[in-house]
Amino acid sequence: MMREKKSMHNRLKKDPNRNLKKEYNSLHNRFKARHRALRLQHVNNVQVNLKSNPEKFWSYVNRKRKDKGTPVNVTYQGRNSSDSQQATDLFATYFKNAYRNENLDQFEHLSVLPNNFELSELSLEEISNKIDKLDAKKGSSPDGIPNELLKMWKSGLIYPLHILFNKSLQHGYFTGWWKISHIVPIHKKGSKLNVENYRGIAILSAIPKLFESLVYDRLYLH
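Conventions adopted
- Residues numbered from 1 in each chain as written.
- Predicted model: local features only at pLDDT ≥ 70, side-chain atom pairs only at ≥ 80, totals over all residues.
- Heavy atoms only, no water.
- Helix = DSSP H or I, 4+ residues; strand = E, 2+ residues; numbered from the N terminus.
- Buried < 20%, exposed > 50% of the residue type's maximum accessible area, 1.4 Å probe, protein only.
- Contact = heavy atoms within 4.5 Å.
- Expected span 1.5 Å × (residues − 1).
- Bend = angle between axes of the 7 residues up to and from the residue.
- Phe/Tyr/Trp six-rings, centres within 6.5 Å; stacked < 30°, edge-to-face > 60°.
- Patch = residues over 30% accessible without salt bridge, like charges linked within 9 Å, V, L, I, M, F, W, Y side chains within 5 Å.
- Areas by Shrake-Rupley, 256 points an atom, 1.4 Å probe, with all protein chains shown as cover.
- Salt bridge = Lys/Arg side-chain N within 4 Å of Asp/Glu carboxyl O.
- Arc of directions from axis to C-beta.

Q: Whenever I open this one, the overall build of the protein chain confuses me. Can you help?
A: From N to C terminus, the protein chain includes 8 helices and 4 strands. Listing each helix as α and each strand as β along the protein chain from the N terminus yields α-α-α-β-β-α-α-α-α-β-β-α. Among the 222 residues that make up the protein chain, the fraction classed as buried is 28%.

Q: What am I meant to see in the environment of Phe174 here?
A: Locating Phe174 in the fold gives a position in the loop between α7 (154–171) and β3 (181–187). Of the residues examined, Phe174 reaches a relative accessible area of 23% and is grouped as partly exposed. Each C-alpha atom, one on Phe174 and one on Pro208, is 8.9 Å from the other, the two residues being 34 residues apart in sequence. Excluding residues that lie within four positions of it along the chain, Phe174 makes contacts with Ser168, Lys179, Pro208, Phe211 and Glu212.

Q: What should I look at first to understand α7 in this one?
A: Because each turn of an α-helix spans 3.6 residues, side chains separated by three or four positions end up pointing in the same direction. For α7, which comprises 18 residues, the first-to-last C-alpha distance of 25 Å matches the rise-based estimate of 26 Å (1.5 Å per residue) to within 8%. If you look at α7, its biggest bend is around 25°, right at Pro160. Every buried residue belonging to α7 is among Lys154, Leu157, Ile158, Leu161, His162, Phe165, Asn166 and Ser168, and all of these are buried. Gly172 occupies a position one or two residues after α7 and carries a positive phi of about 65°.

Q: Even after reading the chapter, I still don't get the packing of aromatic side chains, so can you show me in this structure?
A: Aromatic rings in a pair are described by how distant their centres are and how their planes are angled relative to each other. Inspection of the entire model under this criterion finds 9 aromatic pairs. Here the aromatic rings of Phe174 and Trp178 are separated by 5.2 Å at their centres, their planes lie at 70°, and the arrangement is edge-to-face. An aromatic cluster of at least three residues, connected via ring pairs, comprises Tyr76, Phe91, Tyr94, Phe95 and Tyr198.

Q: When you look at a nonpolar patch on the surface in this model, what are you seeing that I'm missing?
A: A cluster of nonpolar side chains, namely Tyr216, Tyr220 and Leu221, defines an oily patch on the protein surface of about 440 Å² accessible area. Mapped onto the secondary structure, Tyr220 falls in helix α8 (residues 206–221). A relative accessible area of 64% means that Tyr220 is categorised as exposed.

Q: In this structure, what is going on with the environment of Lys209? I would like to understand it.
A: Relative to the elements of secondary structure, Lys209 occurs in helix α8. Take Lys209: its relative accessible area is 39%, and that puts it in the partly exposed class. Sequence separation of Lys209 and Trp178 is 31 residues, and the distance between their C-alpha atoms is 8.6 Å. Beyond its immediate sequence surroundings of up to four residues, Lys209 is in contact with Lys138 and Leu204.

Q: Sorry, what's going on with the pattern of salt bridges here?
A: Side chains that differ in charge, positive against negative, can pair when their charged atoms come close. As enumerated under the stated definition, the model contains 3 salt bridges in all. Across the pair Arg218 and Glu126 runs a salt bridge, and its minimum N-O distance is 2.6 Å. A residue pair is termed long-range when its members are at least 10 positions apart, and Arg218 in helix α8 and Glu126 in helix α5 (residues 124–132) qualify at 92 residues. Taking relative accessible area as the criterion, Arg218 reaches 16% and is therefore assigned buried. A salt bridge links Asp132 to Lys154; the shortest N-O distance between them is 2.9 Å. Pair noted here: Asp132 is in helix α5 and Lys154 is in helix α7, with a separation of 22 residues, a long-range link.

Q: Honestly, α5 in this entry has me stumped. Any pointers?
A: Residues of α5 that are buried: Ile127, Ser128, Lys130 and Ile131. Buried positions in α5, seen along its axis, are confined to an arc of 165° and lie on one side of it. Looking at the packing, one finds that the buried side of α5 touches α6 (147–152), α7 and α8.

Q: In this structure, what is going on with the side chain of His162? I would like to understand it.
A: Checked against the element boundaries, His162 lands in helix α7. Since its relative accessible area comes to 16%, His162 is described here as buried. Once you skip the residues sitting within four places of it in the chain, His162 turns out to touch Glu121, Leu122, Ser123, Leu124 and Ile127.

Structure, rendered in structure tokens:
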């Protein structure tokens, strides 16, 4: 079907008549539908065999990981970069100087939750609904797991996530790995060669963001 589609596309470029275009659009739609069906079949196959063949699962994850990387050729305060590591160092220096440490002593005596406050167990339905709302277009995070993966393999991942999240609540423990974030430079305006024309945003991992969102909903309702 792909060869037929390509051949018809070449014919259409040479002779863009209405009938041929209509035929091409029909073929294009059938091709997309077939592609979606095969992709879904592959995902379901990987999901069903997740326990017996985890290598296939992680192989798919690695292919889905997106890393746009840092601009290579940039300049900051007369210093120029010629590779990704030098560019990363320049961005790190700029972002470090652009922000200051705030005095948090003023928040020390703020009242927080009462000692007898407890969060009830997160339900499978809550987690499922929250996963459905994730933006699948967002790329991977520090743990390399994109939102798309959580959405596609929800039925296979929701149970371990349910156990993991509720164990965290029961023991009052939030692993340090979930606190790690990546600072990504986002161009604001002006020349893309100038580091000072970028702002940094923190990218957190998808799973702790999902967990934090669930806990926020509980606190907000309280």
